[in-house]
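One-letter residues, chain by chain:
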Amino acid sequence: MSAPTPRFSHMFVPADGPMAEFLCHVELFGLTAVRAEFLHALHDDHPRDDCLVVTATELYLP
């Protein structure tokens, strides 16, 4: 019996980099309010349960 695959890999990427724009299962560091709004708009159609970027950016939105 093999171990279950983890749901998220906990890969950390800079919030101002292109990987934050294309990947959903990443942890962001260096996130600012302006960048959070931009990333949230890019990932807005993703399910909240499946996209760590949406979850992280919601903390910065009014």
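See the structure above.
Quick look at the structure, then.

Criteria and cut-off values
- Residues numbered from 1 in each chain as written.
- Predicted model: local features only at pLDDT ≥ 70, side-chain atom pairs only at ≥ 80, totals over all residues.
- Heavy atoms only, no water.
- Helix = DSSP H or I, 4+ residues; strand = E, 2+ residues; numbered from the N terminus.
- Buried < 20%, exposed > 50% of the residue type's maximum accessible area, 1.4 Å probe, protein only.
- Contact = heavy atoms within 4.5 Å.
- Areas by Shrake-Rupley, 256 points an atom, 1.4 Å probe, with all protein chains shown as cover.
- Core = buried A, V, L, I, M, F, W, Y, C linked by side-chain atoms within 4.5 Å.
- Patch = residues over 30% accessible without salt bridge, like charges linked within 9 Å, V, L, I, M, F, W, Y side chains within 5 Å.
- Salt bridge = Lys/Arg side-chain N within 4 Å of Asp/Glu carboxyl O.

1. What to know about the overall build of the protein
When helices and strands are tallied, the protein shows three helices and two strands. Looking at the protein as a whole, 31% of its 62 residues qualify as buried. Taking all contacts inside the protein whose residues are at least 6 apart in sequence as the whole, residues at least 24 apart take part in 33%. For the protein, the computed accessible surface area is about 4,400 Å², with 62% contributed by carbon and sulfur atoms.

2. What about the environment of Cys51?
If you trace the backbone, Cys51 turns up in the loop between α2 (33-43) and α3 (52-58). With 27 residues separating them along the chain, Cys51 and Cys24 place their C-alpha atoms 4.7 Å apart. With residues near it in sequence (within four places) discarded, Cys51 still touches Cys24, His43 and His46.

3. A closer look at the nonpolar core
Membership of the largest hydrophobic core is limited to 12 residues, which are Val13, Ala15, Ala20, Cys24, Val26, Leu28, Leu31, Ala36, Leu39, Cys51, Val53 and Val54. Elements with a contribution of two residues or more to this core: β2 (26-29), α2 and α3.

4. Let's talk about a nonpolar patch on the surface
On the surface, a cluster of nonpolar side chains totalling about 390 Å² of accessible area is made up of Met11, Met19, Phe22 and Leu23. Within the secondary structure, Leu23 is located in the loop between α1 (19-22) and β2.

5. Some thoughts on the pattern of salt bridges
What the rule picks out here adds up to two salt bridges. For Arg35, the salt bridge is made with Glu21, and the minimal N-O distance between the two is 2.9 Å. Separated by 14 residues along the polypeptide, Arg35 in helix α2 and Glu21 in helix α1 bring together distant segments of the chain. Residue classification places Arg35 among the buried residues on the basis of a relative accessible area of 14%. You can call Glu21 partly exposed: its relative accessible area is 26%.

6. A few points about the side chain of His40
Inspection of the secondary structure assignment puts His40 in helix α2. Among residues more than four places away in sequence, those in contact with His40 are Val54, Thr57, Glu58 and Leu61.

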